Amino acid sequence: MAAAYVRERITSGVLVAGDAVRPELIAQELQISTTPAREALQSLRSEGFLELAPRRGFRVTKVTGDDIRDLFFINAMAAGELAARATIKGSESLVERLQSIQKQLHQAAERHDAAELELLNHRFHREINLAADSSKLADVIQLVSRWVPPHFYSSIEGWSATTIHDHQQLIDAVARKDSESARQLMQEHMRRSGEQLAEYVDERQRAAD
């Protein structure tokens, strides 16, 4: 809970590079003891969100757009491989589930329901990752996803239309058992997402400077 709370404040820009993060204050804000708050900050340090300097305590790490691009390069490779494996291992029921989510995505887009769009997008990718049955690769995806601010993608103009288009191409590739096309499509999809986040991080850094 404490780690998620601080992580969200960092990714959303409430806490910026160089800001001090004191476990005592986090404990007070969340009404928990100092020990779990400190453990949470140590966890965020291992994830790269915080650094620990002698006599200065925890501070928010500076992250650039290029750092995000590097993270999503790795993410795209892992996601592409997961999509390829899901295509090989997946059954007809996987295609049916993906099509069902796709239909719901269309409906959510028509309602301009940003929260539902984010949830359905997560479900779509989760179905593929589960079908791939490759837990360690999925862990890589989970790690990188922590750098995405809440409701970030749904706030981007045109994101829902692009996502629905990309997802349909992926479904078609999975349906025809074309694992290489699924790999390439997923890689391009994730790289595009990473570039959008990188541009956001760069813009936020320029504003802070």
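All values reported here derive from a predicted model rather than from experimental measurement.

Topic: empty space enclosed by the protein
Counting across every chain of the model gives one cavity of 30 Å³ or more. In this structure, the largest cavity spans a volume of roughly 50 Å³. Lining of the largest cavity is provided by Trp159, Thr162, Thr163, Asp166, His189, Arg192, Ser193 and Gln196. For the lining of the largest cavity, the secondary structure elements donating two or more residues are helix H8 (159-175) and helix H9 (179-208). Across the lining of the largest cavity, the residue classes break down as one nonpolar, five polar and two charged.

Some thoughts on unusual backbone geometry
A positive phi angle, close to 65°, is found at arginine 55, a residue other than glycine. Residue position: arginine 55 is located in the loop between strand S1 (50-53) and strand S2 (57-60). Owing to a relative accessible area of 85%, arginine 55 belongs among the exposed residues under this scheme. One non-glycine residue with positive phi stands out, namely histidine 151, at about 60°. One can find histidine 151 in the loop between helix H7 (135-145) and H8.

About the thresholds
- Residues numbered from 1 in each chain as written.
- Predicted model: local features only at pLDDT ≥ 70, side-chain atom pairs only at ≥ 80, totals over all residues.
- Heavy atoms only, no water.
- 1 Å grid on protein atoms, 1.4 Å probe; cavity = no way out; pocket = protein on both sides within 12 Å on 5 of 7 lines; lining within 4 Å.
- Points joined across faces, edges and corners; volume = space filled by probe spheres on them.
- Helix = DSSP H or I, 4+ residues; strand = E, 2+ residues; numbered from the N terminus.
- Nonpolar A, V, L, I, M, F, W, Y, C, P; charged D, E, K, R; others polar.
- Buried < 20%, exposed > 50% of the residue type's maximum accessible area, 1.4 Å probe, protein only.

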